[in-house]
Protein chains: 2
Amino acid sequence: MKNFIFQNPTKLVFGKGQIARLPQLIPAGKKIMVTYGGGSVRANGIYDQVCQALEGTDYIEFWGIEPNPTVETLRKAIITGKEQGVDFLLAVGGGSVLDGTKLIASGMLYDGDPWEIVRKGKADAAIPYASVMTLPATGSEMNSGAVISRTETREKFAFYTSYPAFSILDPEATYSLPPHQVACALADIFVHVMEQYLTTPGQSRIMDRWAEGLLMTVIEIAPKIRENQHDYDLMSDFMLTATLALNDFIRMGVTEDWATHMIGHELTALHGLTHGASLAIVLPGTMRVLRDQKKGKILQYGERVWGITAGTEEERVDEAIEKTEQFFRSLGLSTRLSQEGIGDDVIDEVQARFERLGAAFGEARNVDGRKAAEILRSSK
Amino acid sequence: MKNFIFQNPTKLVFGKGQIARLPQLIPAGKKIMVTYGGGSVRANGIYDQVCQALEGTDYIEFWGIEPNPTVETLRKAIITGKEQGVDFLLAVGGGSVLDGTKLIASGMLYDGDPWEIVRKGKADAAIPYASVMTLPATGSEMNSGAVISRTETREKFAFYTSYPAFSILDPEATYSLPPHQVACALADIFVHVMEQYLTTPGQSRIMDRWAEGLLMTVIEIAPKIRENQHDYDLMSDFMLTATLALNDFIRMGVTEDWATHMIGHELTALHGLTHGASLAIVLPGTMRVLRDQKKGKILQYGERVWGITAGTEEERVDEAIEKTEQFFRSLGLSTRLSQEGIGDDVIDEVQARFERLGAAFGEARNVDGRKAAEILRSSK
């Protein structure tokens, strides 16, 4: 096991009716900016609950943080926040609203252009912020990361800042999510776990078991959610699993991969593919291309998560990859670039971008431009 | 899933050589009291590492916090701490030293007798404290609980206070632990998980998976540790599993039991049995007596943790209980009261004490004096 330091101070406030706790959770005397996306929270009753809870506090609203939040939008929020003397942010929405809010919180204490924070990969400071999370997927509600896009240059990068002070998770908020969004969310959760799990075997027995537990849970709940999105306990598992998949709990002392995410971000930036949908195409490709390097862990994954015990090692690896792709297909997601109309031009551009960055990703730092292109070609 | 609020602010600093980080971890300008047990840290090199790291800081030492720390000893530490103007505590040792230090930290800000804090079950305030944890078992390094004994009255109760600011866990500290202590620690870890798991089925799929992952890990590492206590990765798993078994991570949104612990505490208080050893006797009894109430979860536990799939439900329940008892025996621990020379007089006294408290424990709040005696008689 590698040496590690773990600390996650976020307060998780989970369950139905918890939005009413907002007045107790936000420190007194704050000038609050509540940040929203496009308006789905008006339809599902969340907006009304938040307004009711905040009655009597000093707050303004900022609307319009888009999916794959852009620095162009967030710059406006930062200007408004600074003008109005905002010193607490409350993100109400999904991972995009919260990720955007993380850049607003960081930009509030930064003098230059906020895109510089994103390119540095790390904010030096941020004002306190919290969330009412309505779309379980990114884990953003209990981690310090955020992914921001820049429309002008079609770029998309992650950066790190402070943790949310608290996050309220009410599973009832998920009842009205569009099924395709739920499918993308399940793919996102699944791949978050795989990025922290499908690396070198034998690093930590307990981290392996917990990652496998999350994967088995996603596999178990996915078809049930498709049948009934109004089962409270089921949607609770969905919501909590999303948080636990990316809140540092399963990365203690182990190496991580994240090549699939880096390639997926490019597909979103260049072609507009939804984040979770991009991962469903890339992950099976990553497994195919890195099958030798990852063989030990793929075999363990196949056996423990899918019950694959028969056949030669190579056959079991094949089956584990096939099961993974099948799972994404069962969500109704594409697993091939051609299904999404993505051609060689995009593959070439991803390769060129990786090469311009001079970067190589993955636990072995060997997923460079050439390898990324190979992964994408294997998913054509 | 039940509504819940989760927040665990402790910083975990894990791995070899991490004790050297102490000067960066303790806030500057503090008057530190370092608390120790009986002296095993002098033999294994931990004491020297701590002294070296603290060189140049303002600290005093308090020695002699015993296993099952007593309020009689801790009162002295509180008096010394108050006299010397101590405002930071560093516990160096196992769960007993840390539990005792939690009462010192709380007693430093309390005017009355510290036993009153224990009997109230909760401290209103505490000075900051941290730990260098050398014996993985209690999880005390990342939770807010502590168990304190009172020699005068042979009582033993738990109370809650603030969380440790940080805990340093160096797996090499475990190399020199006496094998019987390791065995008791493994039993303690196993039962911590069971107290949070073996209740009502169907509350949370992911909490179930994580609890099962911890149980499978303990079962897998136990025989390997008996073979080689100097395998770094193995002892890392041992150490991290202990922390994760009782740091609030696997209790999100689920009911808990803790009847086994309450009964076990009485066996320790009345007969001096080591904590982990007491649990190895009580847990199988609890499972036998509450087999109908816990049937659904025992079946799930049997199948997922022990691979028990053949036979009728009753046969599978029998086998799961037998496997549990066998596991404790494989650790070299007693699983019957008679093996420890504990007779009916102790059983009667446990029943009388439960009845005097007017308390009933377990997830169904039905383990009263009569039921506790029944559990103990089934383990005679």
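What counts and how
Residues numbered from 1 in each chain as written. Chains lettered and ligands numbered in written order. Predicted model: local features only at pLDDT ≥ 70, side-chain atom pairs only at ≥ 80, totals over all residues. Heavy atoms only, no water. Helix = DSSP H or I, 4+ residues; strand = E, 2+ residues; numbered from the N terminus. Rg over C-alpha atoms; globule rule 2.2 N^0.38 Å. Buried < 20%, exposed > 50% of the residue type's maximum accessible area, 1.4 Å probe, protein only. Contact = heavy atoms within 4.5 Å. Pairing = 2+ DSSP bridges. Axes fitted to C-alpha atoms, helices over the stretch in contact; angles between N-to-C directions. Buried area = accessible area lost by both parts, 1.4 Å probe. Salt bridge = Lys/Arg side-chain N within 4 Å of Asp/Glu carboxyl O. Polar contact = N/O pair within 3.5 Å; in protein donor to acceptor, adjacent residues only side chain to side chain. Nonpolar A, V, L, I, M, F, W, Y, C, P; charged D, E, K, R; others polar. Expected span 1.5 Å × (residues − 1). Phe/Tyr/Trp six-rings, centres within 6.5 Å; stacked < 30°, edge-to-face > 60°. Lys NZ or Arg CZ within 6 Å of the ring centre and 35° of its normal. Least-squares fit on C-alpha atoms with pLDDT ≥ 70 in both. Core = buried A, V, L, I, M, F, W, Y, C linked by side-chain atoms within 4.5 Å. Parallel < 35°, antiparallel > 145°, perpendicular 65-115°, else oblique.

### Some words on the overall build of chain A
Then, number 1: Each helix and strand in chain A was counted, giving 15 helices and 8 strands.
Then, number 2: Here the C-alpha atoms of chain A give a radius of gyration of 20 Å, agreeing with the 21 Å that 2.2 N^0.38 yields for 380 residues.
Then, number 3: Considering only C-alpha atoms, chain A reaches an extent of 65 × 45 × 45 Å along its principal axes.
Then, number 4: Looking at chain A as a whole, 62% of its 380 residues are labelled buried.
Then, number 5: A sequence separation of at least 24 residues applies to 77% of the contacts in chain A between residues at least 6 apart.

### Points about the sheet that holds strand β2 (residues 31–35) of chain A
Then, number 1: Taking strand neighbours across the sheet as the criterion, the 12 strands line up as β3(A)-β2(A)-β4(A)-β5(A)-β8(A)-β1(A)-β1(B)-β8(B)-β5(B)-β4(B)-β2(B)-β3(B) in an open arrangement whose pairing is mixed. Unpaired on one side and paired on the other, β3 (58–62) of chain A together with β3 (58–62) of chain B mark the two borders of the sheet. In this sheet, neighbouring strand axes are inclined to one another by 20 degrees on average, regardless of whether the strands run parallel or antiparallel.
Then, number 2: Of the strand pairs in this sheet, strand β4 (residues 88–93) of chain B and strand β5 (residues 129–133) of chain B are connected by 5 bridges, and their pairing is parallel. Bridging across to β5(B), A91(B) finds its partner in S131(B).

### Notes on the side chain of R209(A)
Then, number 1: Summarising the element assignment, R209(A) is placed in helix α8 (residues 205–227).
Then, number 2: Here R209(A) is in contact with R304(A), G213(B), M216(B), T217(B) and E220(B), once residues within four sequence places are set aside.

### Let's talk about the interface of chain B and chain A
The parts lose accessible area when they come together, and the size of an interface is often stated as this lost area.
Then, number 1: At the junction of the two partners, chain B supplies 45 residues and chain A supplies 45 residues.
Then, number 2: In total, about 3,900 Å² of surface goes out of reach between chain B and chain A, with carbon and sulfur atoms giving 59% of it.
Then, number 3: Applying the counting criterion to the chain B and chain A interface returns 6 salt bridges.
Then, number 4: R205(A) is the partner of D237(B) in a salt bridge, and the nearest nitrogen-oxygen pair spans 2.8 Å.
Then, number 5: Our count for the contact surface shared by chain B and chain A stands at 17 residue pairs in polar contact (both at pLDDT 80 or more).
Then, number 6: When residues of the side of chain B that touches chain A are traced back to their parent elements, those giving at least two are β1 (4–14), α8 (205–227) and α9 (232–245) of chain B.
Then, number 7: The element that contributes the greatest number of residues to the side of chain B that touches chain A is α8(B), accounting for 12 residues.
Then, number 8: Taken together, the residues of the side of chain B that touches chain A sort by class into 23 nonpolar, 12 polar and 10 charged.
Then, number 9: For strand β1 (residues 4–14) of chain A and β1(B), the ladder comprises 7 bridges, and the chain directions are antiparallel. By the bridge assignment for β1(B), I5(A) is matched with V13(B).

### Focus on helix α5 (residues 95–107) of chain A
Since the α-helix advances by 3.6 residues per turn, residues separated by three or four positions end up pointing in the same direction.
Residues and elements named next belong to chain A.
Then, number 1: Between its first and last C-alpha, α5 extends 18 Å over 13 residues, near the 18 Å set by a 1.5 Å rise per residue.
Then, number 2: Burial runs high along α5: 12 of the 13 residues are buried.
Then, number 3: Regarding α5, the residues found buried are G95, V97, L98, D99, G100, T101, K102, L103, I104, A105, S106 and G107.

### Thoughts on the packing of aromatic side chains
Then, number 1: Counted under the stated rule, the structure contains 32 aromatic pairs over all chains.
Then, number 2: Between the aromatic rings of F88(B) and F166(B), the centroid separation amounts to 6.3 Å while the plane-to-plane angle is 25 degrees, which identifies the pairing as stacked. Pair noted here: F88(B) is in strand β4 and F166(B) is in strand β8 (residues 166–169), with a separation of 78 residues, a long-range link.
Then, number 3: Here F166(B) falls in the buried class, since its relative accessible area comes to 2%.
Then, number 4: Linked through ring pairs, F6(A), W210(A), F249(A), F6(B), W210(B) and F249(B) together constitute an aromatic cluster.
Then, number 5: Positioned above the aromatic ring of F157(A) is the side chain of R119(A), whose terminal nitrogen or guanidinium carbon lies 4.0 Å from the ring centre.
Then, number 6: Just above the ring of Y47(B) sits the side chain of R42(B); from NZ or CZ to the centre is 4.8 Å.

### A short note on the relation of the copies chain B and chain A
Then, number 1: Once chain B has been moved 0.0 Å along the axis and rotated by 180 degrees, it coincides with chain A to within an RMSD of 0.0 Å. Look at the turn and shift together and you get a two-fold axis relating the two. Relative to the rotation axis, the C-alpha of P9(B) is the closest in chain B, positioned 2.3 Å from it.
Then, number 2: A symmetric contact is evident, with 100% of the interface residues of chain B recurring at the interface of chain A.

### Section: the nonpolar core
Then, number 1: Formed by 234 residues in total, the largest nonpolar core has its most connected members in F190(A), W210(A), L240(A), Y301(A), F190(B), L240(B) and Y301(B).
Then, number 2: Dropping the residues within four chain positions of it, Y301(B) is found in contact with F190(B), M194(B), Y197(B), L198(B), L215(B), M287(B), W306(B), A320(B) and T324(B).

### A word on the pattern of salt bridges
Residue and element names in this part refer to chain A.
Then, number 1: As enumerated under the stated definition, the model contains 54 salt bridges over all chains in all.
Then, number 2: Of the charged contacts, one joins E325 and R288 as a salt bridge, the two residues approaching to 2.8 Å between their closest N and O atoms. Placement of the pair is E325 in helix α13 (residues 313–330) and R288 in helix α11 (residues 275–289), with a sequence separation of 37 residues.
Then, number 3: Beyond isolated ion pairs, a larger network of salt bridges with shared partners links R288, E322, E325, R329 and R336.

### A word on the pairing of strand β7 (residues 155–160) of chain A
Along any regular strand the residues' side chains alternate between the sheet's two faces.
Then, number 1: With 6 bridges connecting them, strand β6 (residues 145–150) of chain A and β7(A) associate as antiparallel partners. In the strand pairing of β7(A), V147(A) is matched with A158(A).

### Notes on the packing of α8(A) against α9(B)
Then, number 1: Running from N to C, α8(A) and α9(B) point in directions that differ by 55 degrees, and their axes come no closer than 8 Å. As far as their axial angle goes, α9(B) and α8(A) are oblique. For the pair formed by α8(A) and α9(B), the contact residues are R205(A), I206(A), M207(A) and W210(A) on the first element and D233(B), L234(B), D237(B), L240(B), T241(B) and L244(B) on the second.
Then, number 2: Considered class by class, the residues forming the contact of α8(A) with α9(B) number 6 nonpolar, 1 polar and 3 charged.

### So, helix α10 (residues 259–271) of chain A
All names here are of chain A.
Then, number 1: Here α10 spans 18 Å end to end across 13 residues, near enough to the 18 Å set by a 1.5 Å rise per residue.
Then, number 2: Taking burial as the measure, the 13 residues of α10 include 11 buried ones, the bulk of the element.
Then, number 3: Burial in α10 covers these residues: A259, T260, H261, I263, G264, H265, E266, L267, T268, A269 and L270.
Then, number 4: Those residues of α10 that are buried are in contact with β6, β7, α7 (179–197), α11, α14 (344–357) and α15 (369–377).
Then, number 5: Where α10 terminates, the next one or two residues include G272, which has phi positive at roughly 75 degrees.

### A word on the environment of D345(B)
Residues and elements named next belong to chain B.
Then, number 1: Take D345: it is sitting in helix α14 (residues 344–357).
Then, number 2: By relative accessible area, which is 56% here, D345 ends up exposed.
Then, number 3: Taking the C-alpha atoms as reference, D345 lies 28 Å from S96; in sequence the two are 249 residues apart.

### Things to note about the environment of L299(A)
Then, number 1: Summarising the element assignment, L299(A) is placed in helix α12 (residues 295–306).
Then, number 2: Apart from residues lying up to four places away in sequence, L299(A) is in contact with E313(A), R316(A) and V317(A).

### Re the pairing of strand β2 (residues 31–35) of chain B
Residues and elements named next belong to chain B.
Then, number 1: For β2, the buried fraction is high: 5 of the 5 residues fall into the buried class.
Then, number 2: Both faces of β2 are covered, namely the face carrying K31, M33 and T35 and the face carrying I32 and V34.
Then, number 3: When β2 meets β3, the two strands line up parallel, connected through 5 bridges. The residue bridging T35 from the neighbouring strand is F62, located in β3.
Then, number 4: With 4 bridges joining them, β2 and β4 adopt parallel strand pairing. Considered in β4, the bridge of T35 is made with A91.

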